[in-house]
Amino acid sequence: MNLQPLARRLSRLTTDIVVRRPRLWFLLRGLTRFQFGRLAPQWDAIRAGDTAYAPYEAALERVDPPKRALDLGTGTGGAAFAIAHRFPEAEVIGVDLAQQMIAQARGKLTDDLAGRVRFEVADAARLPYGGESFDLVGLSNMIPFFDELERVLAPGGSLIVAFSGGADTPIYVPPERLREQLGRRGFTDFAEFSTDPGTALLARKAEHA
Ligand SMILES: C[S@@+](CC[C@H](N)C(=O)[O-])C[C@H]1O[C@@H](n2cnc3c(N)ncnc32)[C@H](O)[C@@H]1O
């Protein structure tokens, strides 16, 4: 039995619920972790040859070089590696809820990157990092937890929210909703990117007044 259509519907439903009611995440966390943990060994094969990170990379082109960057819901690490390759001075952390995804990402770390790129198991709803500790945070096909995004980003820092398949991506949040949620947390300078079918939104956290 092909469970993929069901998994895609579940991802969309989870995203819609959590974006509206982040407090309900605790009910959905276990199932989400299980679902993606199971997919981890095939994730790169599902991704192979496609343009999954094109919108994320389009937004990266418009970002100042960060000292410290965080890729949330990193999966097997593709977007974290994109940051590391684009910004050779940056320290990069990729975070995922599923241990199996992190194991796959760690398996791809090469010696030249191992000193400044690392992968950690953590929940983006409650990150184990201090406030204002990153100057770039990215999400590729990942549910945004807006309060944590605001907390961990330094003033003036950049946020990228990208979806490989645009509105057809199972985990998808429309740009209007992203702008509304981020705008009320002081994000500005919104820019949208389209790489057909991918889309991305870039935003900047306001400097301290
Ligand atoms: C659709 S996959 C995207 C993976 C990768 N970013 C990519 O684009 O290929 C979503 C990933 O987010 C992870 N995830 C979902 N909710 C999370 C959370 N609250 N904290 C950390 N990771 C989470 C899942 O385990 C999964 O690996």
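Here, the structure is the one placed above.
Summary of the structure given here.

What counts, and at which threshold
Residues numbered from 1 in each chain as written. Predicted model: local features only at pLDDT ≥ 70, side-chain atom pairs only at ≥ 80, totals over all residues. Near = placed C-beta within 6 Å. Helix = DSSP H or I, 4+ residues; strand = E, 2+ residues; numbered from the N terminus. Nonpolar A, V, L, I, M, F, W, Y, C, P; charged D, E, K, R; others polar. Pairing = 2+ DSSP bridges. Axes fitted to C-alpha atoms, helices over the stretch in contact; angles between N-to-C directions. Contact = placed C-beta atoms within 7 Å.

### Section: the site of the ligand
- As a structural note, the neighbourhood of the ligand is formed by 23 residues, with F36, G73, G75, A124 and S140 the closest of them.
- Going through the elements one at a time, α2 (25-39), α5 (78-86) and β2 (91-96) are the ones with two or more residues in the shell around the ligand.
- For the shell around the ligand, the residue count by class is 13 nonpolar, 7 polar and 3 charged.

### So, the sheet that holds strand β1 (residues 68-72)
- Read across the open sheet, the 7 strands follow the order β3-β2-β1-β4-β5-β7-β6; overall the sheet is mixed. Both outer strands of the open sheet, β3 (117-121) and β6 (187-194), are each paired with one neighbouring strand and no more. On average, each strand axis in the sheet is inclined to that of its neighbour by 15°, with strand direction left out of account.
- Across the face of the sheet, helix α6 (residues 99-107) comes into contact with β2 and β3 while running at roughly 165° to β3.

### What to know about unusual backbone geometry
- In this structure, P197 follows D196 across a cis peptide bond, with omega equal to 15°.
- Relative to the helices and strands, P197 is located in the loop between β6 and β7 (199-205).
- One non-glycine residue, N141, lies in positive phi territory at about 55°.
- Within the secondary structure layout, N141 lies in the loop between β4 (134-140) and α8 (146-152).

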